[in-house]
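Reading the structure
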Amino acid sequence: MNQTDVINLISNKLKLIRIEYDYTQDKMAEILGVSKKTLVQIEKGRNPASWTVTVAASALFRESEILTSVLGADPLEVIETLAHEKIDSPKDKTMGGKVWWKGVKVMGKFRLQQNVISQHYRILDDLDFRWYSSFNGEDALQKINELSKDKKGD
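Residues numbered from 1 in each chain as written. Predicted model: local features only at pLDDT ≥ 70, side-chain atom pairs only at ≥ 80, totals over all residues. Heavy atoms only, no water.

1. Some remarks on the environment of N2
One can find N2 in the segment before α1 (3–20). The exposure class of N2 is partly exposed, given its relative accessible area of 38%. Expressed as a C-alpha distance, the spacing of N2 and F135, which sit 133 residues apart in the sequence, is 8.6 Å. Among the polar contacts listed, one links the side chain of N2 to the backbone nitrogen of T4, at a separation of 3.0 Å. From its side chain, N2 meets the backbone nitrogen of D5 in a polar contact 2.8 Å long. (Helix = DSSP H or I, 4+ residues; strand = E, 2+ residues; numbered from the N terminus. Buried < 20%, exposed > 50% of the residue type's maximum accessible area, 1.4 Å probe, protein only. Polar contact = N/O pair within 3.5 Å; in protein donor to acceptor, adjacent residues only side chain to side chain.)

This is the structure in structure tokens:
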């Protein structure tokens, strides 16, 4: 999955997200910071949303069932991982990945998971804190090896 894929996914679902929240086109355009004309063009499939609108929609509607159905439980994690190519520092506590994630590898107190929808990878510790995210599986495997070696003394 790349930025273009996410832009297309969200562009195609923007009208459904608007309907889910029971917003008019005027209200949705105001929330996203675009003109109504631009929103109509996106909703009719004439133009894709910009990256900025895609990020805004992911942040402002991160609880949307429509959005989570196409990006997984944490749409902002997908956006952040794409924007930075990877996330390589301890982050927020997660729910542990019981629904949207499949296990790939466990090493010491760390586990590597892959999102079943977006296909990106993340590494969680035994307390479910996210340490790393990437769309590159080889990088994720290398990182879990490094983390498990670095933290053996903890």
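2. A word on the nonpolar core
In this structure, L14 and L32 are the most contacted members of the largest nonpolar core, which totals 20 residues. Per element, the largest residue contribution to this core is 4 residues, and it comes from α1. Not counting residues up to four positions away in its chain, the partners in contact with L32 are L14, L39, V53, A56, A57, L60 and F61. (Core = buried A, V, L, I, M, F, W, Y, C linked by side-chain atoms within 4.5 Å. Contact = heavy atoms within 4.5 Å.)

By themselves, these observations are geometric and do not establish any function.
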